[in-house]
Amino acid sequence: MNKDIRKIAVLTSGGDAPGMNAAIRAVVRTGRFYEIEVIGVQLGYDGLIDKQFRVLDARSVANILSRGGTFLKSARSDRFRTQEGRKQAFENIQSEQIDALVVIGGDGSFTGADIFSREHDVPVIGIPGTIDNDLAGTDFTIGFDSACNTAVEAIDKIRDTASSHQRVFFIEVMGRDAGFIAVNAAISGGAGAVIVPEHEWTIEQLIEKLQVAAQNKKSSNLVIVAEGSHLGNAFKIAKKVQKQIDYFDIRVTVLGHLQRGGAPSNLDRVLASRLGVAAVEGLKEGKSKVMVGIINQQLVYTPIHEAIKLEKPLIDEEFRIARILST
Ligand code: F6P
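Residues numbered from 1 in each chain as written. Predicted model: local features only at pLDDT ≥ 70, side-chain atom pairs only at ≥ 80, totals over all residues. Heavy atoms only, no water.

**Brief notes about the side chain of Lys7**
- Relative to the elements of secondary structure, Lys7 occurs in strand 1 (residues 7-12).
- Here Lys7 sits buried without a salt bridge, and the closest side chain of opposite charge, Glu96, lies 4.2 Å off (N-O distance).
- Among the polar contacts made by the side chain of Lys7, one reaches the main-chain carbonyl oxygen of Glu96 at a distance of 2.8 Å.
- Excluding residues that lie within four positions of it along the chain, Lys7 makes contacts with Ile36, Glu37, Ile39, Glu96, Gln97, Ile98, Asp99 and Ala100. (Helix = DSSP H or I, 4+ residues; strand = E, 2+ residues; numbered from the N terminus. Buried < 20%, exposed > 50% of the residue type's maximum accessible area, 1.4 Å probe, protein only. Lys, Arg positive; Asp, Glu negative; His and termini not counted. Salt bridge = Lys/Arg side-chain N within 4 Å of Asp/Glu carboxyl O. Polar contact = N/O pair within 3.5 Å; in protein donor to acceptor, adjacent residues only side chain to side chain. Contact = heavy atoms within 4.5 Å.)

Shown next as structure tokens:
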């Protein structure tokens, strides 16, 4: 056990994700449990540079467990990409006698954390918070399950119109360069096709699939498009398809930032709580430069540089069943 950890700072960085508040709460309350002071940093790395610090006690995180967004606010900091910005952040950490840093965010935030912890002598632990689920070292990232639930709720509603009007809808979901949300939404939403960055597909193959579905008397169809698709965005794909097929009507819906908002699901609340506790306990045990995650229900600490560099493949079986069930 490392007895030197008396004061830690916590921040959220990058795109917000449902469950980030639950993770902050867990860090603060675990800190209190172990008599460690917790400082909340406002606005991510920018707040670290501008010294936007405030003490968080157990009561200051009351009633945030169920709220989406991040009450510490977030930013994608350009200044933290510079050596000068990171030096200023380190000086602020030193002047406040902060012993360690907890960063809740996605791969951009962890790239910053990785560089910072190699340049400066301060223990850093990452908690994976992103709807994209694109980090190695954990089965799920905080926010992914909630984003999928939101996407599926929207898809169910779109299906009502699709079937009433016998239309084909192209529905674009987020995920940056990864297709996790798309595949999950395709399975849960009963999609007729799913297009993800991880699997090459041609417009011709897609058209053939839609034609076969129409021949099989499928009167409506939903195609889920991951935003990082190599075929382009949902509008572009829809236009190409409509050019070659005129016997069904096509519409496009981009779900966008809807997927980032709203109350976290039960799974995300539990995940965020477990990871928040494990982050503080990891720091107490002397861990640093790692991201805490859960793989097969076991807590795992993965070097931050591996969490961002290692490929996180889609689950093959999920992709396969999305295709099987789409007929
Ligand atoms: O990383 C989360 C995410 O929502 C991605 O899915 C998406 O590509 C991106 O952030 C959008 O970023 P912004 O909110 O800055 O437009």
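**Quick word on the site of the ligand**
- Taken together, the residues surrounding the ligand are Arg76, Thr130, Ile131, Asp132, Met174, Gly175, Arg176, Glu227, His257 and Arg260.
- Note that an oxygen atom of the ligand is positioned 3.2 Å from one of the backbone N or O atoms of Gly175.
- The side chain of Arg176 places a nitrogen or oxygen atom 3.5 Å from an oxygen atom of the ligand.
- Look at the ligand: alone it shows 400 Å² of surface, and the protein chains cover 73% of it.
- Among the residues making up the shell around the ligand, the classes are represented as two nonpolar, three polar and five charged.
- Looking at the shell around the ligand, you find at least three residues from each of domain 1 (7-143 + 264-309) and domain 2 (145-261). (Near = heavy atom within 4 Å. Areas by Shrake-Rupley, 256 points an atom, 1.4 Å probe, with all protein chains shown as cover. Nonpolar A, V, L, I, M, F, W, Y, C, P; charged D, E, K, R; others polar. Domains from an automatic or database assignment.)

**Here we look at the domain arrangement of the protein chain**
- The domain architecture assigned to the protein chain consists of domain 1 (7-143 + 264-309) and domain 2 (145-261).
- Overall, the association of domain 1 and domain 2 removes approximately 1100 Å² of surface from exposure, summing both partners, and the carbon and sulfur fraction of that is 48%.
- The largest per-residue losses of area from domain 1 upon contact with domain 2 belong to Asp16, Ile131 and Asp132, which jointly make up 42% of the total buried on that side.
- Our enumeration of links across domain 1 and domain 2 arrives at two salt bridges.
- Along the contact surface separating domain 1 from domain 2 lie eight residue pairs in polar contact (both at pLDDT 80 or more).
- Grouping the amino acids of the side of domain 1 that touches domain 2 by side-chain chemistry returns five nonpolar, four polar and five charged. (Buried area = accessible area lost by both parts, 1.4 Å probe.)

**Describing the side chain of Asp134**
- Along the chain, the position of Asp134 falls in the loop between strand 5 (124-128) and helix 5 (144-165).
- Buried and unpaired, Asp134 has Arg176 as its nearest opposite-charge partner, separated by 5.2 Å.
- Filtering out sequence-adjacent residues up to four positions away, Asp134 remains in contact with Asp107, Thr141, Ala178, Phe180 and Lys312.

**Details of the sheet that holds strand 9 (residues 249-254)**
- Here we have four strands laid out as an open sheet, ordered 7-8-6-9, and parallel in their pairing. Of all strands in the sheet, those with a lone pairing partner are strand 7 (193-195) and strand 9, marking the two edges. Adjacent strand axes in the sheet meet at a mean angle of 20° when their direction is disregarded.
- As paired elements, strand 7 and strand 8 (residues 221-226) share three bridges and run parallel to each other. Considered in strand 8, the bridge of Val194 is made with Ile224.
- Across the sheet, helix 5 lies against strand 6 (167-173), strand 8 and strand 9, angled at about 165° from strand 6, the strand it touches most.
- Contacts from helix 7 (residues 203-215) reach strand 6, strand 7 and strand 8, with the element oriented near 160° to strand 8. (Pairing = 2+ DSSP bridges. Axes fitted to C-alpha atoms, helices over the stretch in contact; angles between N-to-C directions.)

**Some details on the packing of helix 1 (residues 20-33) against helix 9 (residues 266-284)**
- Interaxial distance between helix 1 and helix 9 falls to 7 Å at its minimum, and their mutual angle equals 40°. One way to sum up the angle between helix 1 and helix 9 is to call them oblique. Read as a crossing pair, helix 1 and helix 9 show a hand that is right-handed. Each of Ala22, Ala23, Ala26, Val27, Thr30 and Gly31 in helix 1 lies in contact with helix 9, whose residues at this interface are Arg269, Ala272, Ser273, Gly276, Val277, Val280 and Glu281.
- Residues of the contact of helix 1 with helix 9, tallied by class, amount to seven nonpolar, four polar and two charged. (Parallel < 35°, antiparallel > 145°, perpendicular 65-115°, else oblique. Left-handed = near helix turned anticlockwise from the far one by under 90°.)

**Description of the packing of helix 3 (residues 83-95) against helix 4 (residues 107-119)**
- Closest axis-to-axis distance for the helix 3/helix 4 pair is 11 Å, and the angle between their directions is 65°. Considering the angle they form, helix 3 stands roughly perpendicular to helix 4. For the crossing formed where helix 3 meets helix 4, the hand is right-handed. Residues Gln83, Arg86, Ala89, Phe90 and Ile93 of helix 3 lie in contact with helix 4, whose contacting residues are Ile115, Phe116 and Glu119.
- Across the contact of helix 3 with helix 4, the residue classes break down as five nonpolar, one polar and two charged.

**Re the environment of Gly126**
- Within the secondary structure layout, Gly126 lies in strand 5.
- Here Gly126 is in contact with Val103, Phe110, Val290, Met291, Val292 and Ile304, once residues within four sequence places are set aside.

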